[in-house]
Each structure stands twice: as C-alpha cells, then as structure tokens.
Amino acid sequence: MRDTISPEPLLQVRNLRKSFGIRGGLLGRVLAEVKAVNDISFEIGRGEVVGLVGESGSGKTTAGRTLLRLEEPTSGEIRFDGTDLTTLSADGMRRMRRRMQIIFQDPFASLNPREKVREILTHPLRLHGIGTASDRPDRAAELLEKVGLGRDSLDRFPHEFSGGQRQRIGIARALAVEPDFIVADEPVSALDVSIQAQVINLLDDLCDDLGLTMLFIAHDLGVVEHFCDRVIVMYLGRIVETGRSEDLYARPNHPYTQALLSAVPKPKPGRRRDRILLKGDIPSPIDPPSGCVFRSRCPMASAECAEIVPPLARVGAGHFSACIKTT
Amino acid sequence: MTMMQELPQGETAPASRHPLLVVRDLQTSFRTGGGGSVRAVDGVSFDLGPGETLAIVGESGSGKSVTSLSLMGLLPRESGRVTGGSMRLEGRELRDLPEAAMRDIRGQQIGMIFQEPMTSLNPVHTVGKQISEMVIRHRGLSKRAAMDRAVEMLDLVGIPEPRRRARNYPHQLSGGMRQRAMIAMALSCEPRILIADEPTTALDVTIQAQMLELMQDLQDRMGMAIVFITHDLGVVAEVADRVVVMYAGQVVESGTVHQIFEAPRMPYTGGLMNSIPRLDGAHRGQRLKAIRGTVPPLTELPAGCRFNPRCDHATDICRAAPPVLEEAGPGHLVRCARWRDITLDLMGTE
Ligand SMILES: Nc1ncnc2c1ncn2[C@@H]1O[C@H](COP(=O)(O)OP(=O)(O)OP(=O)(O)O)[C@@H](O)[C@H]1O
Ligand SMILES: Nc1ncnc2c1ncn2[C@@H]1O[C@H](COP(=O)(O)OP(=O)(O)OP(=O)(O)O)[C@@H](O)[C@H]1O
Ligand SMILES: [Mg+2]
Ligand SMILES: [Mg+2]
C-alpha cells in the first residue's frame, strides 16, 4: 500500500446506474435497454490507486466515463471531494474537470493527428486559464520530461512517435492541469509487453510522486495486482467483489473472481489442470440473467441464485463479495 | 498424440528425427514505396515434429505473421515475396509451389486459424455450408456426407445443438461460438498441421481458457501439430513443447519450453519474462524490470546485434558484428555473442 493513503474518501459513488437505449426501426424508437452500469457503489480514498477489472462489456469504460460525467448518469450519486457531481451545472462541471482527468486506451485515436505535441499539451492549460501564453510551452516541456520524453518532442506530431511514446503524451496531457484524480482506461492494453512495463513503471512513479488518486481500468489481472492498492471486479454491469489487492488475489471469494484468476495463463511451463473452466459466453447485457448476473456460467449456481440480486457482503477487512453461496 | 503423452512435456523426442515441417533460413521481403524493400523475416529456421506444439513468440512487428503467411503461400502478391530459404512439408518444398497446389495443401495438410474469426468465415454462407464445401473440395465427399461431417466437427468443438447451428450464418453466433466454428472448419479435413496466429488474443481470459483447453483436447484426439503464434508468454508456457523467440525478423532464441522459461540465455528473452507482471503477490509494489527503448523499425536496424541498443549486457563486440545462432544446450539455440559470459537476472517464477 502507498503510504499516502488516508481513510478520507475523495470519491464516493452511490447506486450509480447508466443505461443506453438501443434504437431501431423506422422511427428510431428505443427497442431495448442495455444496463451498462447497474447499481454500483464504491469509494476511493485520497491517494489510493484502485483497479477496475472485468471482461469485455462488463461496464468498466461506462463506469469510468460516467464518473467524470462524460456520460450522463441514469441515476445515482457521485460525490467528488464532497461535491455531488450529478447536480453540478455545466460551468461548475467544467471547473471540476480540472481536477479530474482521463487517459484512454488507444494512444493512436486519442491524440489529434494534426496538432503538434506543443498544442496538445498547452490546450488544456489554456482551457483552464493556467499560466500565460509565454510560459505554457515551458510547462509543456516540463510535463514531457516528467513522462520521459525530451523537449524536442514539442514540435513533433503524434504519428512521429511509437505507441508507448504516444501513451506517454496522453499521460502528460492528463497531468497538465495538475488533477487530483485520474481515470486510466486500459492505458497499457494496446502496448507490447516491454513497453507496457515501462508505462506501468511511469504511472507508478507518478502516483507516488504526485500523490494522485486513480481508477485504473484493465482486463489484465496481473497488471492490476502489481499496480493497485485495491480492486473492484465487475461482471455484466455489477460489482461482484472488491477488496485490497493482497486479500482479493490471495483469497478470491466470488466464484467469478476465482474463475477469472484461474484463467490467467501463468508464465510457467506445463498444462494447467487446476483451472476452473466456465461454460458458455458472457450473456447479452440487454437480457441479463435474473438474480445473480453470473449464475448462467457459475459452477455453483442453484435455483435460489435466480431469485435475488446478491448484495455485497463482508468477507474480510475491506473485502466484500456478492454471492449467496460463498459469503 | 499418444506417443507424446508418455514423455514429459518439453522433453519430446527431438523433432528433427522425423520432422513434419522443416523451415530453413526463410527470408521474406516486402517492397516499399520508392523502390526500396524491407526484409521482414530474415533467416528463420525451425522444425516441427508430428503432434508437437511450437510457439512463435515476439513483440509486434517481429515477423511472426509474415513467417506464417510465407508458409501458407498467402503473402500479398503485389508486395511480398519469399526471397530465400526453404520450407519442406514432409520433404516437399513449398516455396514457389503453384497456387493451385498450395491451395490443396492449405486445408488438407495445413489448417489455419486467426485472431479474427471473420477473416476465415464468409458472412454470406451458413457455417455448415462453409465447412461442408471445404470437405467436398479436399475430401471428395458427397454433399450429404460432407454436411454430416460439418455437424460432427461443430459438435467436436463443443457447439451445442450442432445440427441447428450448422444452419446459422456467422453473425448469428456469439463471439466464442464463431471462434469454435473457425476451429471446426480449420480441422474439418484433419490437417497434419494447424497454424494458429494469435487465436486467443482478442478474447477475454475466461473464453481464452476455454479455447486453449479445446485446442489441446483436439490435439490429443486428432494428433495434429500446432504452430501457435502469440505475443503472450503465459499462453506459450501453457501450450508449447518448443518455443521460437523472434526479434526484428530473426530467431533470437529457441528451445524447449523448459529451456526458454527456466534458463533463457538471450537477454531479450529474459527481459520479456521480467516485463510480465506476475500473479503471485511476491513482487507487488516493486518496479517491473522493463526493457528500455523500443523495437527498431526494419529500416533503421542497428549495426551488430539488433537488440544491442536495448541490452544491459551489450559491449563493443555486440556492436561490431551480428551474432549468429549458437547452441547453448541440446536443441537450445541462442543469438547472443556474450551468452557464455553473462548471467541473466530473472525475477523468480514461483
Ligand atoms: N454508447 C453506447 N450505446 C449503447 N450501448 C453501449 C454504449 N456504450 C457502451 N454500451 C454497452 O454497454 C456495455 C458496457 O460497455 P463498456 O464499454 O462499458 O464495457 P467495458 O467493460 O469497458 O468493456 P471492454 O473491456 O470491452 O472495454 C456493453 O454491452 C456495451 O455494448
Ligand atoms: N504487407 C506488408 N507490406 C509491408 N510490410 C509489411 C507487410 N506485412 C508486414 N510487414 C512488415 O513486416 C514486419 C513483420 O510483420 P508481422 O506482421 O509479421 O509482425 P508480427 O510479429 O505478426 O506482429 P503482431 O504481433 O503485431 O501481429 C513488420 O515490420 C511489418 O510492418
Ligand atoms: Mg472498456
Ligand atoms: Mg501478427
């Protein structure tokens, strides 16, 4: 655990929901609804780095974007440093964004190809009225240095950089306004392993040096264990388990977390015999199973799992799991 | 794969005794704009024994896919060409084989699966029709027998209600089922070799685990050899008998899965191992031992060893001349001028 952690939460999320309408037909009516984020609650302490993991479509990106109100929540409460973001005016939210930034997965798509790095990094400074026109480039150069790139990068375009370097530029851009909180949405997933390790080390150093609070979204459980103080596991829009990394990885409680961890290939020769193999695919989020959303693939499921949505129950210090069989 | 099972993994009889596929000094180049060319695969050699799984591992751009496309005669006709070396399938030279003969080999002798199932599946035909046409073409079965075979294959890969699913179009199948259908098609003519290029890379880990299990199960039953291309060392450790590590178009190390994972000799291989965050809790909070720098573009390769600018062990000899593959143990090849002098600092695997 990082020593900067204090118990006081920076972010408090209560019963957050985000649904998307699926439109179709001639009139473009809403035909169905995807409950991408379905009633999630959690807190992130100041200086804490929390991992958000789950398979494709589990709602990680939607959760991260809704937290920053890049998507409007369907319902629920998001408190940032005591302020409820869901009721904030557009102007109030714009000012709040200075304190909350996002880093995207795709270092190719997230940078404007027609802007030089100088513009990419001074833009957010101008937007938030930080510094003067003459000292902003210096500030941009400092940021580049922080992420391990030279001042000469200022006058180059994104296409002149490798994937890992572009991700560094994306990180520098997020850091430009000196945020307190960063949502990092799969920042290393598109990178080769050797480059991924460099970027993880960089993020690690930045979190330590700047005391950043971070929600780190990933599907790679190894990266999350390495880097995060605490982990939240999502499945089909819901949180199924959360706990401190050392507890959750050593003693996963939810059958889904257990299967997920056992599915990760280990760099140790030999065929795996101890693996929990789940049957079938992840169900469609348009029509999720009733009761526990995991029950259609769960090796332990029985009739009562269809009845109620299992609440998160305490299974250890700061460790919660949503399963009626194991809690 | 009955013979293989009696031997501990990684200590299979040397593939070279009766290799199915022998690749020697393969060179593949692409024409680039302005009349230049790049050599994407530069002197790759390996053997593949019957029923064996050979993993080719390396980072993006190292030449894994180009190696497999060269083998299958599927290089882009206008720009890519095998410019040197040989590829022998049971003694028969595949290089420069006419397209018609190559087409027979693909499907009949060599099956292929890719990362994206829709590169092999045709969206306008039912999966049953696609598989049965393949069987009709290569096996000369009647229409009805071929459809029965298609259903049998869909069943074998674990698709529920295979007879009904055979009448589905690819878009009517879930992602996992599509992946299975692609494997069913690739194996429908019982090829001796399956080439799988990143077959699980786009999948979630729980689905990947199902696919790896399925492929190993099918290999046990049908006995085909597999060339498994991936950048995921975890997957390699799980499926491979032997491993080829590629860097910038070359083989930099090869050996049994145990040699590669337990005693790698090439600093690049060691660096890759150290870059993986391990799920073991032992190293939490520690910095990863990242390899510095990036893979050089093929047009800007450094003099000497291609890895030298990123290598902690590099000295003048590494910059002076390109190293050759040397034997570091039985069947263990390493491309490093200094492998005898250095000890790699590996993070524990326990
Ligand atoms: N704008 C949108 N309109 C309709 N559906 C959406 C939209 N954005 C997301 N969804 C759906 O919401 C669900 C959750 O998607 P989300 O992108 O949040 O998942 P994720 O966990 O980030 O997945 P991945 O690992 O693939 O990035 C999915 O079923 C997705 O199809
Ligand atoms: N059609 C092509 N024309 C020109 N160059 C090509 C072509 N296809 C591949 N290359 C080049 O050949 C080299 C090897 O590419 P290859 O696709 O084999 O890499 P890979 O190891 O499969 O990487 P990845 O993990 O990204 O799939 C790369 O430098 C690539 O840019
Ligand atoms: Mg996402
Ligand atoms: Mg490839």
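All values derive from a computational prediction rather than experimental measurement. (Residues numbered from 1 in each chain as written. Chains lettered and ligands numbered in written order. Predicted model: local features only at pLDDT ≥ 70, side-chain atom pairs only at ≥ 80, totals over all residues. Heavy atoms only, no water.)

### Regarding the overall build of chain A
When you go through chain A residue by residue, the secondary structure sums to 9 helices and 12 strands. Against the 2.2 N^0.38 benchmark of 20 Å for 327 residues, chain A shows a C-alpha radius of gyration of 21 Å, consistent with a compact globule. Dimensions of chain A along its principal axes, counting C-alpha atoms only, are 70 × 55 × 45 Å. Taken over 327 residues, chain A has a buried fraction of 54%. (Helix = DSSP H or I, 4+ residues; strand = E, 2+ residues; numbered from the N terminus. Rg over C-alpha atoms; globule rule 2.2 N^0.38 Å. Buried < 20%, exposed > 50% of the residue type's maximum accessible area, 1.4 Å probe, protein only.)

### Side note on the pairing of strand E10 (residues 250-256) of chain B
Residues and elements named next belong to chain B. E10 sits mainly inside the fold: 7 of its 7 residues count as buried. As paired elements, strand E9 (residues 242-247) and E10 share 6 bridges and run antiparallel to each other. Counterpart to Tyr247 in the pairing with E10 is Gln250. The antiparallel pairing of E9 with E10 creates a hairpin that spans 2 residues between the two strands, and Ala248 there sits at a positive phi of about 45°. (Pairing = 2+ DSSP bridges.)

### Comments concerning the domain arrangement of chain B
All names here are of chain B. Assigned domains of chain B: these are domain 1 (19-109 + 193-278 + 289-349) and domain 2 (118-190). Contact residues are listed per partner, giving 17 residues for domain 1 and 12 residues for domain 2. Contact between domain 1 and domain 2 buries roughly 1300 Å² in total, counting both sides, with carbon and sulfur atoms accounting for 71%. Put simply, domain 1 and domain 2 have 0 salt bridges between them. Viewed at the interface, domain 2 and domain 1 are joined by 4 residue pairs in polar contact (both at pLDDT 80 or more). (Domains from an automatic or database assignment. Contact = heavy atoms within 4.5 Å. Buried area = accessible area lost by both parts, 1.4 Å probe. Salt bridge = Lys/Arg side-chain N within 4 Å of Asp/Glu carboxyl O. Polar contact = N/O pair within 3.5 Å; in protein donor to acceptor, adjacent residues only side chain to side chain.)

### Here's the deal with the sheet that holds strand E12 (residues 319-321) of chain A
All names here are of chain A. Spatially, the 8 strands line up as an open sheet ordered E6-E7-E8-E3-E9-E10-E12-E11, and their pairing is mixed. Both edges of this open sheet fall to strand E6 (100-103) and strand E11 (313-316), since each of them pairs with a single strand only. Going from strand to strand, the sheet's axes swing by 20° on average, the running direction of each strand aside. As paired strands, E6 and strand E7 (residues 181-185) are joined by 4 bridges and run parallel to one another. Residue Met100 lies in a different strand from E7, and its bridge partner there is Phe181. Sheet strands touched by helix H1 (residues 60-67): strand E3 (49-53), E6, E7, strand E8 (213-218) and strand E9 (230-235). Its angle to E8, the strand with the most contacts, is close to 155°. Along the sheet face, helix H5 (residues 163-175) touches E6 and E7 and points at about 175° away from the line of E6. (Axes fitted to C-alpha atoms, helices over the stretch in contact; angles between N-to-C directions.)

### A closer look at the side chain of A:Thr122
Residue and element names in this part refer to chain A. Turning to its location among the elements, Thr122 is positioned in helix H3 (residues 117-127). Since its relative accessible area comes to 10%, Thr122 is described here as buried. Those residues in contact with Thr122 that lie beyond four places of it in its chain are Arg136, Pro137 and Ala140.

### Focus: the site of ligand 1
All names here are of chain A. Near ligand 1 lie 13 residues; those nearest to it are Ser56, Gly57, Lys60, Thr61 and Thr62. Within the side chain of Lys60, a nitrogen or oxygen atom sits 2.8 Å from an oxygen atom of ligand 1. Residue Thr61 places a side-chain N or O atom 2.8 Å away from an oxygen atom belonging to ligand 1. Relative to its free-state accessible area of 630 Å², ligand 1 is covered by the protein chains to the extent of 65%. Elements with a minimum of two residues in the shell around ligand 1: strand E2 (29-45) and H1. Per-element tally for the shell around ligand 1: the top contributor is H1, with 3 residues. Partitioned by chemical class, the residues of the shell around ligand 1 number 4 nonpolar, 6 polar and 3 charged. (Near = heavy atom within 4 Å. Areas by Shrake-Rupley, 256 points an atom, 1.4 Å probe, with all protein chains shown as cover. Nonpolar A, V, L, I, M, F, W, Y, C, P; charged D, E, K, R; others polar.)

### Considering helix H2 (residues 90-97) of chain A
All names here are of chain A. All of the buried residues along H2 are Gly92, Met93 and Met96. Taken end-on, H2 shows its buried residues confined to a sector of 100°, consistent with a single buried face. Pointing more than 90 degrees away from the buried face of H2 are the exposed residues Ala90 and Arg95. Packing partners of the buried residues in H2 comprise strand E4 (75-80), strand E5 (83-84) and E6. (Arc of directions from axis to C-beta.)

### Section: the interface of chain A and chain B
Counting residues at the interface gives 41 residues for chain A, matched by 50 residues for chain B. Carbon and sulfur atoms supply 55% of the area buried between chain A and chain B, which totals about 3900 Å² over both sides. Broken down residue by residue, the surface that chain A buries against chain B is led by A:His226, A:Pro267 and A:Arg271, which jointly contribute 18%. The partner of B:Arg287 in a salt bridge is A:Asp205, with the nearest N and O atoms 2.6 Å apart.

### Topic: the side chain of B:Thr230
Inspection of the secondary structure assignment puts B:Thr230 in strand E8 (residues 225-230). The class for B:Thr230 is buried, based on a relative accessible area of 2%.

### Regarding the UniProt feature "domain: ABC transporter" (unreviewed entry) in chain B
UniProt records the feature "domain: ABC transporter" (unreviewed entry) at residues 23-273 of chain B, using the numbering of this structure. Structurally, residues 23-273 of chain B is divided into 40% helix and 27% strand, and its ends, taken at the C-alpha atoms, are 26 Å apart. (UniProt positions renumbered as here; feature names shortened; annotations may be inferred.)

### Describing the packing of helix H4 (residues 127-139) of chain B against helix H7 (residues 175-187) of chain B
When two helices pack together, their arrangement is given by the angle between the helix axes and by the axis-to-axis distance. Residue and element names in this part refer to chain B. Here H4 crosses H7 at 15°, and the two axes come no closer than 9 Å. Classified by the angle their axes make, H4 and H7 are roughly parallel. For H4 against H7, the interelement crossing comes out right-handed. Of the residues in H7, those in contact with Val127, Gln130, Ile131 and Met134 of H4 are Ala181, Ala184 and Met185. Split into classes, the residues belonging to the contact of H4 with H7 amount to 6 nonpolar, 1 polar and no charged. (Parallel < 35°, antiparallel > 145°, perpendicular 65-115°, else oblique. Left-handed = near helix turned anticlockwise from the far one by under 90°.)

### What about the nonpolar core?
Within the largest apolar cluster, 66 residues are counted, with the highest numbers of intra-cluster contacts made by A:Ile171, A:Met214, A:Phe216 and A:Phe227. A per-element tally of this core places helix H6 (residues 193-210) of chain A first, with 8 residues. Sequence-distant contacts of A:Phe216, that is, excluding residues within four places in its chain, are made with A:Val50, A:Gly51, A:Leu52, A:Ala184, A:Pro187, A:Leu203, A:Val223, A:Val224, A:Phe227 and A:Cys228. Ranked by size, the runner-up nonpolar core spans 38 residues in total, among them B:Ala146, B:Met182, B:Leu214 and B:Met215. (Core = buried A, V, L, I, M, F, W, Y, C linked by side-chain atoms within 4.5 Å.)

### Digging into the environment of B:Asp42
Residue and element names in this part refer to chain B. Here Asp42 lies in strand E2 (residues 37-48). Sequence separation of Asp42 and Val251 is 209 residues, and the distance between their C-alpha atoms is 8.4 Å. Residues within four places of Asp42 in sequence aside, it is in contact with Leu26, Gln27, Gly249, Gln250 and Arg306. Among the polar contacts listed, one links the side chain of Asp42 to the side chain of Arg306, at a separation of 2.7 Å.

### Things to note about the pattern of salt bridges
Residue and element names in this part refer to chain A. Taken as a whole, this structure holds 45 salt bridges over all chains when the rule is applied. Taking the shortest distance from any N to any O, the salt bridge between Arg244 and Asp247 comes out at 3.7 Å. Looking at Asp247, the relative accessible area reads 13%, which means it is buried. Because the salt bridges share partners, they merge into one network encompassing Arg46, Asp81, Arg99 and Asp180.

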